[in-house]
Amino acid sequence: VCFGGYNTINEVIAAGVPAIVLPSRTRTDDQIQRASEVKKFVTSELITARTLTIEKFSRKIKKFLNSKQLLKRKPPRHQSGAQLAAEKIRKLITTT
């Protein structure tokens, strides 16, 4: 369960985990758009503040907890940008 911030959505995608996204609505950040796009990469549900109810949230949580996909969690797809850059630099240094 998360908001739809840039870093959070990227971490969800990198980890390959299902997500229930409750995006914040701000003028400077398009969390609703990111929350709707994350479905292309992982199983996810979008719940807006306008449509949020205890019953709906409870149903989504139960659905995810009973999902076999949670049992088949994928390993992260890639390292963080800093880790990836450090690894490439290390390879350059050690091979030349």
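Here the structure is a predicted model, which means the values were calculated and not measured.

K.L.:
Summarise the overall build of the protein chain; cite the residues concerned and give the values.
P.N.:
Scanning the protein chain from terminus to terminus reveals five helices and two strands. Evaluated residue by residue, the protein chain yields a buried proportion of 28% over its 96 residues. Considering only contacts within the protein chain whose residues lie at least 6 apart along the sequence, 58% involve residues at least 24 apart. Surface summary for the protein chain: the accessible area is close to 7,300 Å², and the carbon and sulfur share equals 58%.

K.L.:
Explain the pattern of salt bridges to me, and be specific about the residues and the numbers.
P.N.:
Applying the stated criterion across every chain, the model contains four salt bridges. Residue K40 pairs with E37 through a salt bridge whose shortest N-O separation is 2.6 Å. A residue is classified by how much of its surface remains accessible, and K40, at 62% relative accessible area, is exposed. Residue classification places E37 among the partly exposed positions, given a relative accessible area of 28%. Put simply, R90 and E87 hold a salt bridge, and the shortest N to O gap is 2.6 Å. Taken together, the residues R90 and E87, both in helix 5 (residues 81-95) and three residues apart, mark about one turn of the helix. Taken together, the salt bridges that share partners define one network made up of E45, K60 and K63.

K.L.:
An account of the nonpolar core is requested, with residue identities and associated values reported.
P.N.:
Membership of the largest hydrophobic core is limited to eleven residues, which are C2, I9, V12, I13, A15, V17, A19, V21, A35, V38 and V42. Of all elements in the fold, only helix 1 (6-15) and strand 1 (19-21) reach the threshold of two or more residues within this core. Filtering out sequence-adjacent residues up to four positions away, V12 remains in contact with C2, V17, A19, V38 and V42.

K.L.:
So what about the side chain of S44? Which residues, and what values?
P.N.:
In this structure, S44 sits in strand 2 (residues 44-46). Residue S44 is classed as buried on the basis of its relative accessible area, which comes to 6%. Among all residues touching S44, those that are not within four sequence positions of it are A19, A35, V38, K39 and F64.

K.L.:
Which residues make up the confidence of the model for the protein chain, and what values go with them?
P.N.:
The share of residues in the protein chain with pLDDT of 70 or more is 86%, and the mean pLDDT across the chain is 82. Within the protein chain, the lowest mean pLDDT, 62, falls on helix 4 (residues 68-71), and the highest, 92, falls on strand 1.

Calculation rules
- Residues numbered from 1 in each chain as written.
- Predicted model: local features only at pLDDT ≥ 70, side-chain atom pairs only at ≥ 80, totals over all residues.
- Heavy atoms only, no water.
- Helix = DSSP H or I, 4+ residues; strand = E, 2+ residues; numbered from the N terminus.
- Buried < 20%, exposed > 50% of the residue type's maximum accessible area, 1.4 Å probe, protein only.
- Contact = heavy atoms within 4.5 Å.
- Areas by Shrake-Rupley, 256 points an atom, 1.4 Å probe, with all protein chains shown as cover.
- Salt bridge = Lys/Arg side-chain N within 4 Å of Asp/Glu carboxyl O.
- Core = buried A, V, L, I, M, F, W, Y, C linked by side-chain atoms within 4.5 Å.
- pLDDT = per-residue confidence, 0-100.

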